[in-house]
Structures are given as C-alpha cells and as structure tokens.
Amino acid sequence: MPSPISLSKIEQFNEKEVQIRGWVRRHRSKGKVQFLTIRDGTGELQAILSKATMDEEQFKAASHLTQESSIEVTGRIRADDRAPGGYELDVSHIHILQLAEPFPIQPKEHSVGFLMDHRHLWLRSSRQHAILKIRHEIVKACRDFFDDREFVLVDTPIFTPNACEGTTTLFQTQYFEETAYLAQSGQLYGEAAAAAFGKVYCFGPTFRAEKSKTRRHLMEFWMVEPEVAFAELADVMELAEAFLVMIVQRVLAKRQEELKVLERDVSKLEAITPPFPRVTYREAVARLQKGGSAIQSGDDFGAEDETLLSNEYHKPLIVHRYPAAIKAFYMQSDPQQPDLAMCMDVLAPEGYGEIIGGGQRIHDYQTLLSRLQEHDLSEDAFRWYLDLRRYGSVPHAGFGMGIERAVAWICGLDHVRETIPFPRMLSRLYP
Ligand code: 4AD
Ligand code: MG
C-alpha cells in the first residue's frame, strides 16, 4: 500500500498511486459513480468512486458515507482543469474508520451560542480553519521577528505572587499555603531577563478577570512581550512599528488563500507601511473633543474613542504619553511633564482599537518604591523587582501585543471569540 500523503502537496503526486487519510466533507451518489470531497486538514480533494472499477462491498459501504466520517482511501491522482484544486482522485480502495453521526453544524445560519457550544466541531469549518491558520502564521512571524533580531525567548511564570496590571482583574488561586495569581503579563519577569540578556521576549497565555463583555476581551489570551535594556519610549515605538509591518507582510505573503476564504479586503493590509502616525494623548483628547466626544482630559479612552481616533488613518496609530494616573505603577514619568507616563498604545485601523500597550519602565529605586506605596502594592512581594533597580539598573522599555486582537484585525473579524481555538469569555468555560 502506498504511504499516506498530505493534500497540500498533491501536485507532487500526479499520475501516482497514493493513500489519503481524512474526513468526508461532502458526498454525492449518482448511481454507478460517487463523488466525495475529502479534507485532511491541509487541503481538500474531490475523489471519484466508480462501481465498475471497485470492490462491490466497498462501493456499497461508501454509499452510506456521511459528512465528517473518517476514511482512508487509495487511488490514482489525476490532473483535471475542471476540479476545484486542479486534481482528482480515482479511488480503488476505501476503508471507513468511523461512520459519523449526523453532524450538528450544517451550511446554514446557526446562532453564535450554538456554534460556541460546538466549538470543538466548529473548528473544522473552512472559515475557522482559515482564521487559525492565519493565527499560526502570526505567531510564527512574531517569533521570527524577535529571533532574527537577537532577542532571547524567556518563558515567564503563570503562577505569580503579585499583580502586574492592576489588582482589579486578578484571577486568584491557591498555591499550597499561599495565595497565587494567574499572570496578567510576563513583563516584570521580562525586565529581570532583559538585565540578563539585553533583549528578550516572552510569549505565553495571560489571564485577566475582566468583567467586560466586549468584542475585544477574553479572560485568557496570548501575549508576546519584548523587553529591551537601554531602550527608551521612542525606541519601542519604532520596534512596534517594524514588528506590525513585518507580521502583516508575512500574512500577505503566505496566507492569501486563507484571506480569500475570509473575504478580507487585502488592500487595507497592503497599506500597513512605515511610518505610522504618532500623536500624544493630549492631542488625541483635543481631537476627540472637536469630534464631539464627551471625553475629559485625564480620562482613559473608551472603545468608541479609540475607533474615532483610528478612523482618521489607514495605518495603526501610536498614541503616547498618557496621564500617569490612568496607567500601571511601573511607568517612567516624562521628565518634562511628570504627570505624564512615557508609554504608548498602538491602535489598529478599521476600529479594532488597542492591540499593543507598552512603554518605558521606572529604573530608579526610590521612584519605584514610592510608586509601589502610592499604588498600595506590597513592597515584600515586589522585593525581587526592586532588586533590579539596585544591581546595574538601566533605562529599559518594552511592549505587549495581544495575539487575538492582532488576529481579529488582520483577519477582519467582528469578535475575538473566533481568533483562539477555545475562547474563555465572561460567561463561557465550555468546551
Ligand atoms: O495594555 P496591556 O494591559 O499591557 C501590558 O500587559 C503590559 N504589561 C505589556 C508590556 O508592556 N509588556 O496589554 C497589552 C495588550 C493589549 O494591547 C491587548 O492587545 C491585549 O494585551 N489585551 C487583551 N486581549 C484580549 N483580551 C483582554 N482581556 C486583553 N487585555 C489586554
Ligand atoms: Mg493597555
């Protein structure tokens, strides 16, 4: 028996005998001929079963095939211009591994709730398949970007004794005799690693108990976070810009087929070139007020404000120097205007809102100590973090990009729930 092949490589096997293992997407019987569309996870192929050339038992068994039944077929590949992928398979043998029960997901309108309840099966649809292939490409592009620039990957812990991004969104858990929190960000550990390796990144799942039911929020999401010693705010703005350009370019270069499945307007992605526009928080507030927003200086942006702001551009917008009061405890103040933080948010175009948050960190021991006290954070839990300011402290900066928000933007999706295989949302822990 020939060894199994992958449908993505079908053109290498023209006129050859092959074995294909996969699932039935569609089945049609026309008396003496049956047509199967087989998917194997890498591609699809039309297979033809003809009564005249096959074992009678096998031909008969195949006539009962249902959508998603698992099969192994052998046969000969034949180029055919009329076939969807340019090839067809003339089946000589078919082995049915399991005859699937009626598949719950049909090509009709299902409610979102129904689809989410069947997420484990929904992943097989061509649209979900395309999204998750693009997610994979983006994850790989993130790694390649940093690996190619001498960043060291440093995995940071998930069980942590302290908060990074505010105490209101912590998931608390028991860690033997102690209380632990699921990591909201790997940043603080990234800072320790940056002092060891210079340029580092961490890339892992992060957790936030956000009581927000929006199209941008997940309770569990993946974040890639570079951290760079001797870097300042301007350096990481440039880094974020180059990073986003590279990721979008990579998806355009490698995932045209998937973008087509999603009917993504690729001209919107082709416009993502440097330089990105940059505005200060103050300028942004002034513009919003001019545009009719009720925002007051000192307020954080709501989703609508972010959309209003980014709608002025066809590229990601970098907003920098927010009021320190609405940002995390670790942010370095602007020496010229101490009430402003040396931070940035990158807002994606087309109303996708913030996809990157980052900036420059406090590197002075006394400043950090008083900031911890102002924020009511336990000095004891942050002893190790304070240590970093005692032994060779240097200016340093970094950022974090939420993978799901980047996927939603690049794929042009309405909601982050489709950007991760099994989303954890405010009211969903199943499947
Ligand atoms: O702006 P955030 O909170 O920044 C940090 O966590 C920093 N410690 C990162 C750093 O400087 N190393 O989160 C960063 C990004 C956001 O811009 C967004 O893309 C994503 O993480 N994010 C979420 N994505 C999905 N669901 C949520 N609940 C998210 N919260 C943040
Ligand atoms: Mg943020």
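Since the model is a prediction, treat every value here as computed from it, not as a measurement. (Residues numbered from 1 in each chain as written. Chains lettered and ligands numbered in written order. Predicted model: local features only at pLDDT ≥ 70, side-chain atom pairs only at ≥ 80, totals over all residues. Heavy atoms only, no water.)

**Focus: the packing of helix α4 (residues 126-147) against helix α13 (residues 403-411)**
Interaxial distance between α4 and α13 falls to 10 Å at its minimum, and their mutual angle equals 120 degrees. Comparing the axis directions of α4 and α13 gives the class oblique. Relative to α13, α4 is oriented so that their crossing is right-handed. On the side of α4, the interface is formed by I131, I134, R135, I138, V139 and C142, while α13 contributes I403, E404, A406, V407, I410 and C411. Across the contact of α4 with α13, the residue classes tally to 10 nonpolar, no polar and two charged. (Axes fitted to C-alpha atoms, helices over the stretch in contact; angles between N-to-C directions. Helix = DSSP H or I, 4+ residues; strand = E, 2+ residues; numbered from the N terminus. Parallel < 35°, antiparallel > 145°, perpendicular 65-115°, else oblique. Left-handed = near helix turned anticlockwise from the far one by under 90°. Contact = heavy atoms within 4.5 Å. Nonpolar A, V, L, I, M, F, W, Y, C, P; charged D, E, K, R; others polar.)

**With respect to the sheet that holds strand β7 (residues 159-160)**
Pairing is antiparallel across the open sheet formed by three strands, whose spatial order is β7-β9-β8. The outermost strands of the open sheet, each flanked by one partner alone, are β7 and β8 (172-175). One ladder, built from two bridges, connects β7 with strand β9 (residues 178-182); its direction is antiparallel. Paired with F159 across the bridge in β9 is L182. (Pairing = 2+ DSSP bridges.)

**Comments concerning the domain arrangement of the chain**
Split into domains, the chain comes out as domain 1 (7-98) and domain 2 (119-418). Using C-alpha coordinates to define each centre, domain 1 is positioned 46 Å away from domain 2. A combined buried area of about 350 Å² lies between domain 1 and domain 2, and 32% of that area is made up of carbon and sulfur atoms. Inspection of the domain 1/domain 2 interface yields one salt bridge. A salt bridge links E68 to R124, with the shortest nitrogen-to-oxygen separation between them at 2.9 Å. Linking domain 1 to domain 2 there are three residue pairs in polar contact (both at pLDDT 80 or more). Looking at the side of domain 1 that touches domain 2 residue by residue, the class counts come to no nonpolar, one polar and three charged. (Domains from an automatic or database assignment. Buried area = accessible area lost by both parts, 1.4 Å probe. Salt bridge = Lys/Arg side-chain N within 4 Å of Asp/Glu carboxyl O. Polar contact = N/O pair within 3.5 Å; in protein donor to acceptor, adjacent residues only side chain to side chain.)

**A look at unusual backbone geometry**
Cis peptide bonds are those with omega within 30 degrees of zero, and the linkage from P274 to P275 qualifies with -5 degrees. Here P275 is to be found in the loop between α8 (266-270) and β12 (278-280). Residue P431 follows Y430 across a cis peptide bond; omega there is -5 degrees. Structurally, the position occupied by P431 is in the segment after α13. Positive phi values are uncommon outside glycine, yet E68 reaches one of about 80 degrees. Structurally, the position occupied by E68 is in the loop between α1 (56-62) and β4 (70-79). Judged by relative accessible area, which is 5%, E68 ranks as buried. (Buried < 20%, exposed > 50% of the residue type's maximum accessible area, 1.4 Å probe, protein only.)

**Concerning the site of ligand 1**
As a structural note, the neighbourhood of ligand 1 is formed by 23 residues, with E165, Q187, R208, E225 and E354 the closest of them. Between ligand 1 and E210, the relevant distance is 2.9 Å, taken from a nitrogen atom to a side-chain nitrogen or oxygen of the residue. Y330 places a polar side-chain atom, nitrogen or oxygen, 3.4 Å from a nitrogen atom of ligand 1. Protein chains shield 94% of the accessible area of ligand 1, which is 630 Å² for the free molecule. (Near = heavy atom within 4 Å. Areas by Shrake-Rupley, 256 points an atom, 1.4 Å probe, with all protein chains shown as cover.)

**Things to note about the sheet that holds strand β16 (residues 396-402)**
As summarised here, the arrangement of the eight strands in space is β6-β10-β11-β16-β15-β14-β13-β12, forming an open sheet in which the pairing is mixed. Two strands in the sheet have a free side with no partner beyond their single neighbour: β6 (152-153) and β12. Sitting on the sheet, helix α9 (residues 281-290) is in contact with β12 and β13 (317-320), with an inclination near 85 degrees to β12. Strands in contact with α13 are β10 (199-207), β11 (220-229), β14 (343-348), β15 (353-360) and β16; relative to β16, the strand with the most contacts, it is inclined by about 55 degrees.

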